Structures are given as C-alpha cells and as structure tokens.
Amino acid sequence: MDFKFNASYGTLTKYVDQLADGFLPSTVGKVRTLDYITIVPDVKYSKVVTTLDSTINFSDASSCATFSSNSTSSMSGVTITTAYIKAEDKICLNEMEQYWLGKYMRPGSNQTSIPFEQAFMDEKMNKIAAKLDTTFWQGNAGLGITSAYAAISSSGQAVKVAAQFTSSATVIDAVDTMLAAIPSAVASEELVLFVDQAAFDLYTRGIRNANYYAFSPDEIAGGAVRVFGKRNVTMVATVGAQSGRAVLGKPEYLMWGTDLAPSEEPIAAQYDFVQDALLLRYKVKIGAAAAFNSTWVINY
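Computed from a predicted structure; not experimentally measured. (Residues numbered from 1 in each chain as written. Predicted model: local features only at pLDDT ≥ 70, side-chain atom pairs only at ≥ 80, totals over all residues. Heavy atoms only, no water.)

**Student:** Any chance you could explain the pattern of salt bridges here in plain terms?
**Tutor:** Pairs can form between side chains of opposite charge whenever their charged atoms are close. The full count for this structure, using the stated rule, is seven salt bridges. Among the salt bridges present, the one from D259 reaches K44, with a minimum N-O distance of 2.7 Å. Taken together, the positions of D259 in the loop between β10 (254-257) and β11 (268-272) and K44 in the loop between β1 (38-40) and β2 (46-55) put the pair 215 residues apart, joining distant regions of the chain. Owing to a relative accessible area of 59%, K44 belongs among the exposed residues under this scheme. Three or more residues are tied together by salt bridges with common partners; here these are K44, D259 and K285. (Salt bridge = Lys/Arg side-chain N within 4 Å of Asp/Glu carboxyl O. Helix = DSSP H or I, 4+ residues; strand = E, 2+ residues; numbered from the N terminus. Buried < 20%, exposed > 50% of the residue type's maximum accessible area, 1.4 Å probe, protein only.)

Laid out in structure tokens, this is it:
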C-alpha cells in the first residue's frame, strides 16, 4: 500500500532554538597598560610620590685631599590625585524570566539571582577593564579625571615631534622620528612606545610589506613587539590609547593611581527586594600622573 501526503507549512514559523546552555561574552581586546606602568596603591584622594634623581661626577683621587661633594642627589614629588567613580546596572529578573534564560532560573516566581552568573560577571569585568584603560589614557573632564597624555605633557617639558601614526605611508618614519628624539638621559633604558591597535597593525604590516625584516608571527603575539632596529624599545598596543597619539618613554615613570588594583575591585551584586531587581555596582578610584616629563617623547 502506498501512502502519499502533501504537507503545507505556509502558516508555520521556522523554529529557531534559543535554549543554548550559556552565552558568548563580547570582548574588546586585551588591556595591556597595567602590564608595563607603575600602579600607585592606597590613593584615597591625593598622594605625593617621591622621585629621586642623581648626578655623578668624578674628580682626582690620587692624593688625600679634602672631601669634595662633586655629585648631587635631588628628591622631589609627583602628586597623583584620583577621582571616585562608579558604574551601575539594574537587571529586572521578572523580565529575564520571560525569555529563554527563564529555562535556567529557579522554579517559582520569586527570583533572586541570574543564571550563568560567572560568565555574566566576566563579561562586565572585561568591559570595565577596557573602559578604565580608556579613561586612564583619554581622561574624563566631566568626572575630573586628567588623561595620561595631559599628565605627561602638562609641564611642557616633554619632547614634541611631528609623527603621523594614522597612515601606512608615514608610520615607519613616524616611529623613527620618535626614536631620534629620545633624550640622552634615558637613551639606553628599557622604553615603551604606547600606541593604539590600529597604529600597531600599520607598523608591523608596514615592516612586513616593505620586506625590511623577516619576522616570525610569534614576535607580535600579545600586542607587543620590539621595535625593529632598536633593541631597547618595545611598541605596545593598548585598547585605551587614542587614535594617532603616541608616547615614548620609561614606563615606570607613568603612574596609575588607585585605591586597589582594578583586578582586585570586585563587582558588588545584591538582590533588592523593594525594586525586585538585581543591582550591580562597581566603584574604583583612578588617576594618572607622570614623572620626569622631560624624558618623554610625544606627538601631540
């Protein structure tokens, strides 16, 4: 016996499975600034960081002459002031329950927590870290936060050069211009050239395309690379850097002031019975300062 059926699906909607057992947090890139600069802890509001500088001179020691102070030591202070900032989020659990996430929420109508909490918090912390890095570099006038760029150039002593990091045609020359302007006081020190990711990519691809140097992909892993032809300078791409701006100097001289390191400040989460919502709050103190401004090279 042969059965034949003609099926019609015109009135049906195709099924899309939304009941995945997790979600994929979005990412914005690796924050690298804190891997290089100096973190100044315990800054509740303002703090003076003492700096030390010395000059060394030699004189004739062939006879037992009177002691002569031919070298000097000088101490001064750099003031770092922080702003107290916060980020808050309110999540209505009643609304969440009506969507696919409701499948993973506790039975009953009284909800006090969210599913996949760890992944949810990781997503928030990733975005907070990137936002903090951007705030450190670019500042926030409305919150009274001075940018790292302003902290470096505020004294007017930083060496300013014309270097364009926004074009593949000029980026290699721009790096060479920055290198040529390094003050002699730090010329042999380990230095970092902080740029944005686009400038980093322009430089490394430019070197590759010009066939100046046959390098391994491992050399640019992690968003940091030794500047080709300059053994003591590392170019670092960080998410918070402003497009086209570059700073070159001894990274220890750039300071991030805080009460606790950003990674040690957890997000506070609490269910609020009155609002029937999960409240999230992240609070932190942040400030930027720079020492020995005359040793920095900038292009802004």
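**Student:** What is the right way to look at the sheet that holds strand β9 (residues 247-249) in this model?
**Tutor:** Within a sheet, each strand pairs with its neighbour through backbone hydrogen bonds, oriented either parallel or antiparallel. Strand order in the open sheet made by the six strands is β5-β13-β9-β6-β8-β7, with mixed pairing throughout. Whereas interior strands pair on both sides, the edge strands pair on one side only; in this sheet they are β5 (159-160) and β7 (224-226). Relative to strand β13 (residues 297-298), β9 runs antiparallel, the two being bridged by two bridges. Following the sheet pairing, V247 is matched in β13 by I298. Against the sheet, helix α4 (residues 171-180) engages β6 (191-195), β8 (233-237), β9 and β13, with an angle of about 40° to β9. (Pairing = 2+ DSSP bridges. Contact = heavy atoms within 4.5 Å. Axes fitted to C-alpha atoms, helices over the stretch in contact; angles between N-to-C directions.)

**Student:** Would you mind going over the nonpolar core with me for this structure?
**Tutor:** In globular proteins that are soluble, nonpolar side chains generally tend to be buried together. One finds F165 and L193 to be the most contacted residues of the largest nonpolar core, which totals 73 residues. Element by element, the count of residues in this core is highest for strand β12 (residues 277-290), at eight residues. Those residues in contact with L193 that sit more than four places away from it in its chain are F165, V175, M178, V233, T234, M235, V236, A246, V247 and L248. (Core = buried A, V, L, I, M, F, W, Y, C linked by side-chain atoms within 4.5 Å.)

**Student:** Mind showing me how you'd approach helix α5 (residues 197-209) here?
**Tutor:** An α-helical turn contains 3.6 residues, so a residue and the one three or four places further along point in the same direction. Along its 13 residues, α5 runs 18 Å from first to last C-alpha, staying within 8% of the 18 Å computed at 1.5 Å per residue. What α5 keeps buried is the set A199, F200, L202, Y203, T204, G206 and I207. Its buried side turned inward, α5 meets α4, β6, β7 and β8. Where α5 begins, one side-chain oxygen reaches toward the backbone nitrogen of A198, 3.1 Å away; that side chain belongs to D196. Of the residues one or two after α5, N211 is the one with positive phi, at around 60°. (Expected span 1.5 Å × (residues − 1). Polar contact = N/O pair within 3.5 Å; in protein donor to acceptor, adjacent residues only side chain to side chain.)

**Student:** Sorry if this is basic, but what is going on with the packing of aromatic side chains here?
**Tutor:** Aromatic rings considered in pairs are described by the distance between their centres and by the relative angle of their planes. Inspection of every chain in the model, using the stated rule, returns eight aromatic pairs. Between Y203 and F228 the ring centres are 5.9 Å apart and the planes differ by 15°, which places this aromatic pair in the stacked class. Taken as a pair, Y203 in helix α5 and F228 in the loop between β7 and β8 lie far apart in primary sequence, 25 residues in all. In this structure Y203 comes out as buried when scored by relative accessible area, which is 2%. For F228, a relative accessible area of 17% gives the class buried. (Phe/Tyr/Trp six-rings, centres within 6.5 Å; stacked < 30°, edge-to-face > 60°.)

**Student:** Looking at this structure, how should I read the side chain of D196?
**Tutor:** For D196, the location among the structural elements is in the loop between β6 and α5. Dropping the residues within four chain positions of it, D196 is found in contact with A237, T238, A241, Q242, S243 and G244.

**Student:** Help me out: how do you make sense of the environment of S294 in this one?
**Tutor:** As for its position among the elements, S294 is in the loop between β12 and β13. Separated by 112 residues in the primary sequence, S294 and I182 have C-alpha atoms spaced 9.8 Å apart. Dropping the residues within four chain positions of it, S294 is found in contact with Q157, V159 and P183.

**Student:** Mind showing me how you'd approach the confidence of the model for the chain here?
**Tutor:** Averaged over every residue, the pLDDT of the chain is 81; the share at 70 or more is 78%. Long-range and interchain partners of residues 14-23, a stretch whose pLDDT sits below 50, account for 14 contacts in this model, where long-range means more than four residues apart. (pLDDT = per-residue confidence, 0-100.)

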